[in-house]
Amino acid sequence: MTTAGPGRPRKQQAVRPGATARDEILDAAAELFTGQGFANTSTRAIADAVGIRQSSLYHHFSTKDEILGELLGGTVSTSLDFARAIRQHSADAVSAAARLHAVVLFDGSQLCNSRWNLGVLYHLPEARAEIFQPFMAARKELRAIYSELGRELARVSDADQGLGDTAFRLVESLINLRADGLISTDSASTTADTVMILAGLKRELPAVRTASRDLISRFGDVPERVSSMKSA
């Protein structure tokens with residue numbers, strides 16, 4: 001018998017990814033929440049999926065809501081950090097387009113490539129509870145940055161003032177596409193390109209993609225599929 005920590009017996013050898021028992025709990029919860037629903041998943045089921053006792057799970061998380069809150073926050077935090085960094089750059093015609101393209105591509109890649117499709121949990125009634133307000137605030141800030149980048153692009157192009165909000169909605173539509181099994185290796189890059197086409201920048205796409213790729217290389221951990229995005 002292995003252990004999950006001092007005095008916390010584990011039923012079996014760890015089989016889930018994660019450096020700690022806490023990481024394994026989050027992975028198991030993500031799989032169960034997205035597979036059978038939040039309401040239908042008990043903390044006992046999560047503990048069993050990790051191979052620990054239910055009492056050991058409570059050493060790391062006091063409630064199932066706390067687990068969900070951390071999972072939801074993780075779907076936004078990386079993209080928000082990247083968007084904050086990108087927002088600091090100048091907004092001439094090419095860089096304004098590249099900044100929005102990069103945020104769409106990076107954020108979309110996070111949603112497409114994460115181990116579990118946690119975005120499907122965004123619309124849970126439970127996600128509106130007070131405990132999840134940090135997640136809701138982070139998502140609201142991310143959406144505001146999208147809108148700001150869209151307005152900046154509109155000032156130097158013929159793009160609509162609401163392009164940023166449209167881009168945000170297109171990115172979140174990837175969640176449903178993934179749930180329906182319709183995500184491909186270039187879904188995120190296609191979404192980013194679509195936003196540029198909506199901005200009237202189809203002819204500028206090659207230059208925008210190059211600048212976008214540079215921003216992602218400089219300010220974010222490039223997801224595997226981002227590094228192979230289309231360049232033509």
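What you are looking at is a predicted structure, and each value in this text was computed from that prediction instead of being measured. (Residues numbered from 1 in each chain as written. Predicted model: local features only at pLDDT ≥ 70, side-chain atom pairs only at ≥ 80, totals over all residues. Heavy atoms only, no water.)

**Comments concerning the side chain of Ser 79**
Tracing the backbone through its elements, the reader meets Ser 79 in helix 4 (residues 64-87). Sequence-distant contacts of Ser 79, that is, excluding residues within four places in its chain, are made with Phe 106, Asp 107, Gln 110 and Leu 142. (Helix = DSSP H or I, 4+ residues; strand = E, 2+ residues; numbered from the N terminus. Contact = heavy atoms within 4.5 Å.)

**Brief notes about the packing of aromatic side chains**
Evaluation of the coordinates by the stated rule reveals four aromatic pairs. Here Phe 82 and Phe 106 contribute two aromatic rings whose centre-to-centre distance is 4.2 Å and whose plane-to-plane angle is 20 degrees, an arrangement assigned as stacked. Separated by 24 residues along the polypeptide, Phe 82 in helix 4 and Phe 106 in helix 5 (residues 93-113) bring together distant segments of the chain. For the pair shown, Phe 82 and Phe 106 are each scored as buried. The cationic tip of Lys 64 hangs over the ring face of Phe 38; the distance from NZ or CZ to the ring centre is 4.4 Å. (Phe/Tyr/Trp six-rings, centres within 6.5 Å; stacked < 30°, edge-to-face > 60°. Buried < 20%, exposed > 50% of the residue type's maximum accessible area, 1.4 Å probe, protein only. Lys NZ or Arg CZ within 6 Å of the ring centre and 35° of its normal.)

**Section: the environment of Asp 107**
You can see Asp 107 is positioned in helix 5. Look at Asp 107 and you get buried, because its relative accessible area is 5%. Separated by 65 residues in the primary sequence, Asp 107 and Glu 172 have C-alpha atoms spaced 9.1 Å apart. If near-sequence neighbours (up to four positions away) are discounted, Asp 107 is found in contact with Ser 79, Leu 142, Tyr 146 and Val 171. Only 2.8 Å separates the side chain of Asp 107 from the side chain of Ser 79, close enough to count as a polar contact. (Polar contact = N/O pair within 3.5 Å; in protein donor to acceptor, adjacent residues only side chain to side chain.)

**Regarding helix 4**
Between its first and last C-alpha atoms helix 4 spans 35 Å; for 24 residues at 1.5 Å apiece the expected length is 34 Å, and the two agree. Taken as a whole, helix 4 carries its principal kink of about 30 degrees at Gly 74. Along helix 4, the residues classified as buried are Lys 64, Ile 67, Leu 68, Leu 71, Leu 72, Thr 75, Val 76, Ser 79, Leu 80, Phe 82, Ala 83 and Ile 86. (Expected span 1.5 Å × (residues − 1). Bend = angle between axes of the 7 residues up to and from the residue.)

**With respect to the layout of surface pockets**
In this model, the largest pocket occupies a volume close to 420 Å³. In terms of lining, the largest pocket is formed by 19 residues, of which the most central are Gly 74, Thr 75, Ser 114, Arg 115 and Leu 118. The set of elements that each furnish at least two residues to the lining of the largest pocket consists of helix 1 (21-36), helix 4 and helix 5. When residues in the lining of the largest pocket are grouped by element, the largest group, five residues, is from helix 4. Of the residues belonging to the lining of the largest pocket, the class tally is seven nonpolar, seven polar and five charged. (1 Å grid on protein atoms, 1.4 Å probe; cavity = no way out; pocket = protein on both sides within 12 Å on 5 of 7 lines; lining within 4 Å. Points joined across faces, edges and corners; volume = space filled by probe spheres on them. Nonpolar A, V, L, I, M, F, W, Y, C, P; charged D, E, K, R; others polar.)

**Re the packing of helix 6 (residues 133-155) against helix 7 (residues 163-179)**
Running from amino to carboxyl end, helix 6 crosses helix 7 at an angle of 130 degrees, the nearest separation of the two axes being 6 Å. Taken as axis vectors, helix 6 and helix 7 run oblique relative to one another. Read as a crossing pair, helix 6 and helix 7 show a hand that is right-handed. Where helix 6 abuts helix 7, its residues Arg 139, Leu 142, Arg 143, Tyr 146, Ser 147, Gly 150 and Leu 153 lie against Leu 163, Gly 164, Asp 165, Ala 167, Phe 168, Arg 169, Val 171 and Glu 172. (Axes fitted to C-alpha atoms, helices over the stretch in contact; angles between N-to-C directions. Parallel < 35°, antiparallel > 145°, perpendicular 65-115°, else oblique. Left-handed = near helix turned anticlockwise from the far one by under 90°.)

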